[in-house]
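This is what each chain is made of:
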Number of protein chains: 2
Amino acid sequence: MNEWRSWPLARWSEVAEAAKQHVLTSTRDKAGHIASSLGAAELTVALHGVLDTPNDVLIWDVGHQAYIHKVLTGRADVFAANRTAGGPSGFPRRSESPFDAWGVGHSSTALSAAVGFARADQALGTQRHRVAVVGDGAMTGGMLFEALNDGGGWGADVLLVINDNGMAIEENVGALHRGGPNAYRGLVESLGWAWIDGDVDGHDVPAVVSALERALALRGPRVLHVRTRRPSVAELGLDESAPGPDHFQSHFAVALASLAASDTRIHALTAAMAPGCSLDVVRAQFPDRVHDVGIAEPHCLTAAAAMAAAGLRPVVNFYSTFSQRALDQWIHDVALQKLPVILCLDRAGMVGEDGATHHGVFDLAMFRAVPHTAIWAPRDGAALREALEEALAYGGPS
Amino acid sequence: MNEWRSWPLARWSEVAEAAKQHVLTSTRDKAGHIASSLGAAELTVALHGVLDTPNDVLIWDVGHQAYIHKVLTGRADVFAANRTAGGPSGFPRRSESPFDAWGVGHSSTALSAAVGFARADQALGTQRHRVAVVGDGAMTGGMLFEALNDGGGWGADVLLVINDNGMAIEENVGALHRGGPNAYRGLVESLGWAWIDGDVDGHDVPAVVSALERALALRGPRVLHVRTRRPSVAELGLDESAPGPDHFQSHFAVALASLAASDTRIHALTAAMAPGCSLDVVRAQFPDRVHDVGIAEPHCLTAAAAMAAAGLRPVVNFYSTFSQRALDQWIHDVALQKLPVILCLDRAGMVGEDGATHHGVFDLAMFRAVPHTAIWAPRDGAALREALEEALAYGGPS
């Protein structure tokens, strides 16, 4: 399966090209997922070429970039069934392949896992490399920082590859993104990680291979910053269909925009999910009143609570599955202080092709237990609009 | 109440001294909480002296340092009833005083709140200062990073005061702590925050006042690093009673140490709570097998999950209330992957004097809903030991 690893380096870009074509021709229905993966094609080939996977631990954060990885690791034949019942998952999954060293789906977990593997390997005397590939979007999540601080503190033997394509789900936000490679370098060096290289061209296979070989020859906590470009959906000849007017999230956007027009206290917040919950539509009308804080749900909810304390009426929208990341902030900052934050959970229930990591099945169990929290589960667009109006009138945690 | 604000600066240290004496004589039963507060006495006087509180927003992270703040803000007379029914809370609480700008108890939330206040104040045209005082222990939490990245990205007009006494609940850990002021500076500058001053002597009132005045005269995201010393419990002539052998956490330590002696796969992890759950006792016997990752519950659970995937049997101990911070990691990394992580929740149920932020009342509602998760609620030390043995034998999420 990996005979190309013994080919001359000059031919590895052919492997990347062939894998890209395979992904493009076998699944065209999810342009967003495809684009992330295609941007990481050469990086993927370089990683598998240099590492001894699956013996070495290679972890893809979130997993959107991992389609090429799947095609290269024995799943090319079944790849057309990707994201359907019985087919490969849209994300790496340990039960699916030994090459999927870690199951992902939610952002910013890969480095914690790599640090955990390093701790166990040290205790057990296991010799292997541990590499976490984290997109710059996921670099806005707090867990990543916690893993940097812990791993840098005790000297975890881990290579962090930052796959910087400038994108979260939409364009990335925050100081780290704005500051570019110097900011990433300042961050990781302050936390005890060595900076191997910055702005390596992620589409130049020999350049990435050479940087990876330098990085892997060293030990301890270390970082390689690779610049890639995610192709646009239009470039790929695909289109990412916008949600129609009858879609639940479209009803949400229409209702929120109309309420915001008559109540200037309403501000909306999200954690890099504006297009996914149609807040981009609201933002087009009220550009100063929609705030994307990056993939950072805990901060998002607590900041919203403070905005409520200061006199606004924040409306937060997450996908239900990500609300699990901010339950403590709901309890501790919103509900205990009885602040008028409205939390809207998109994609509640079973989500279909996104699979197990993305089901929104815990929200009622979590939030029903929290005092002062009023809950609505609207059945259609009209009920959703009424629920928003009632929550605003209630003026408490909703 | 604040007539001392008009006194000459030279006399402000008398105010700090008097407030310290008041705290010491009116409540001596919780040495740990007292020590954090006493170390911040001069800093507290300087902050209230320079700021126009409660008009300006002053937020204390976690709140352990806020006893002097309470004494200075109208609660001296009732302070002896601190942490009892009807008396002041052990933590800042919005409903208790307008000077308590934000309710706290869990770590690393203050900067998110300050950034939220800044966002709302900008929208509403509210003119005031927003200051978050964060201990170095709380600087290990991921939310803090998320707030730095968001606030630094859009230029939030917030002053972050790092109150660096080198302590979390016990001595602080991690790369940031090890790196000292240079590391803090590198971190915050990489995230778009201006570094005003480092290592200001937090016990020298005129020095802190002068540094605060410089910092407050500026605008935008900015940081002042203040060095304080938390007095030891012995210095204060107090003793922090160790838990007796019949205490639940002592039973946990004895049981875990005896299991660890016969099963070398057992490693314990905690998020800066080793003494609170008697893991310090286990650490004395197995120094390489007890890991404190800092106040970073999400990272702690995911790292533990990876340690399990690599062949260890991690036992994690949090206080129940903090498990709310890592529910997503339990669902996404432990339970979905069916990994043998044992999560022990100390201080479940109502916790008494620690109050509303610290009750452990949501754990069953949260974890019962998660597939593959086996739950025990042992009634006594013997049942606790049996539960640990059964969980090890079960070999799944426990």
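Predicted model, so just to flag it, every value in this text is computed and none were measured. (Residues numbered from 1 in each chain as written. Chains lettered and ligands numbered in written order. Predicted model: local features only at pLDDT ≥ 70, side-chain atom pairs only at ≥ 80, totals over all residues. Heavy atoms only, no water.)

### Remarks on the side chain of D100(B)
Residues and elements named next belong to chain B.
Here is step 1: Take D100: it is sitting in the loop between α4 (67–75) and α5 (110–124).
Here is step 2: One polar contact links D100 to R75, side chain to side chain, over a distance of 2.7 Å.
Here is step 3: The contacts of D100, once residues within four sequence positions are left out, are H69, K70, R75, P92, R93 and R94. (Helix = DSSP H or I, 4+ residues; strand = E, 2+ residues; numbered from the N terminus. Polar contact = N/O pair within 3.5 Å; in protein donor to acceptor, adjacent residues only side chain to side chain. Contact = heavy atoms within 4.5 Å.)

### Some thoughts on the state of the cysteines
Residue and element names in this part refer to chain A.
Here is step 1: Within the structure shown, the criterion is met by zero disulfides over all chains.
Here is step 2: Cysteine C277 shares no disulfide, and the gap to the nearest cysteine sulfur, in C344, comes to 8.7 Å.
Here is step 3: On the basis of relative accessibility, which here comes to 0%, the residue C277 falls in the buried class. (Disulfide = S-S within 2.5 Å. Buried < 20%, exposed > 50% of the residue type's maximum accessible area, 1.4 Å probe, protein only.)

### Quick look at the pattern of salt bridges
Here is step 1: Using the criterion set out here, one finds 48 salt bridges over all chains in the structure.
Here is step 2: Ionic pairing is found between R385(A) and E389(A), a salt bridge with its closest N-O pair at 2.8 Å. With R385(A) and E389(A) both in helix α15 (residues 381–394) and four residues apart, the pair spans about one turn of that helix.
Here is step 3: Of the charged contacts, one joins D199(B) and R227(B) as a salt bridge, the two residues approaching to 2.9 Å between their closest N and O atoms. With D199(B) in strand β4 (residues 194–201) and R227(B) in strand β5 (residues 222–227), the pair connects residues that are 28 residues apart, well separated along the chain.
Here is step 4: The class of D199(B) is partly exposed, set by a relative accessible area of 40%.
Here is step 5: It is possible to trace a salt-bridge network through shared partners that takes in D121(A), R128(A), R130(A), D157(A), R219(A) and R222(A). (Salt bridge = Lys/Arg side-chain N within 4 Å of Asp/Glu carboxyl O.)

### A word on the interface of chain A and chain B
Here is step 1: Each partner contributes to the interface: chain A provides 80 residues, whereas chain B provides 80 residues.
Here is step 2: Between chain A and chain B the total buried area reaches about 6000 Å² when both faces are included, carbon and sulfur atoms providing 66% of it.
Here is step 3: Looking at the side of chain A facing chain B, the largest losses of area belong to F145(A), E146(A) and H299(A), adding up to 11% of the total buried there.
Here is step 4: Across the contact surface, chain A and chain B share two salt bridges.
Here is step 5: Salt-bridge contacts for D328(B) lead to R325(A); the nearest nitrogen and oxygen are separated by 2.7 Å.
Here is step 6: Counting the contacts that link chain A with chain B gives 28 residue pairs in polar contact (both at pLDDT 80 or more).
Here is step 7: Those elements that provide at least two residues to the side of chain A that touches chain B are α5 (110–124), α6 (142–154), α7 (175–190), β7 (290–292), α11 (297–309), α13 (327–335) and α14 (363–368) of chain A.
Here is step 8: Here the side of chain A that touches chain B is built from residues that sort into 41 nonpolar, 27 polar and twelve charged. (Buried area = accessible area lost by both parts, 1.4 Å probe. Nonpolar A, V, L, I, M, F, W, Y, C, P; charged D, E, K, R; others polar.)

### Some words on the pairing of strand β2 (residues 130–135) of chain A
All names here are of chain A.
Here is step 1: In terms of burial, β2 is largely enclosed, as six of its six residues are buried.
Here is step 2: Because side chains alternate across β2, one face comprises the buried residues R130, A132 and V134, and the other comprises V131, V133 and G135, equally buried.
Here is step 3: For strand β1 (residues 57–60) and β2, the ladder comprises four bridges, and the chain directions are parallel. Residue pairing in the sheet places V57 in a bridge with R130 of β2.
Here is step 4: Bridging between β2 and strand β3 (residues 159–164) involves five bridges; their strand directions are parallel. Bridge assignment links V131 to a residue of β3, and that residue is L159. (Pairing = 2+ DSSP bridges.)

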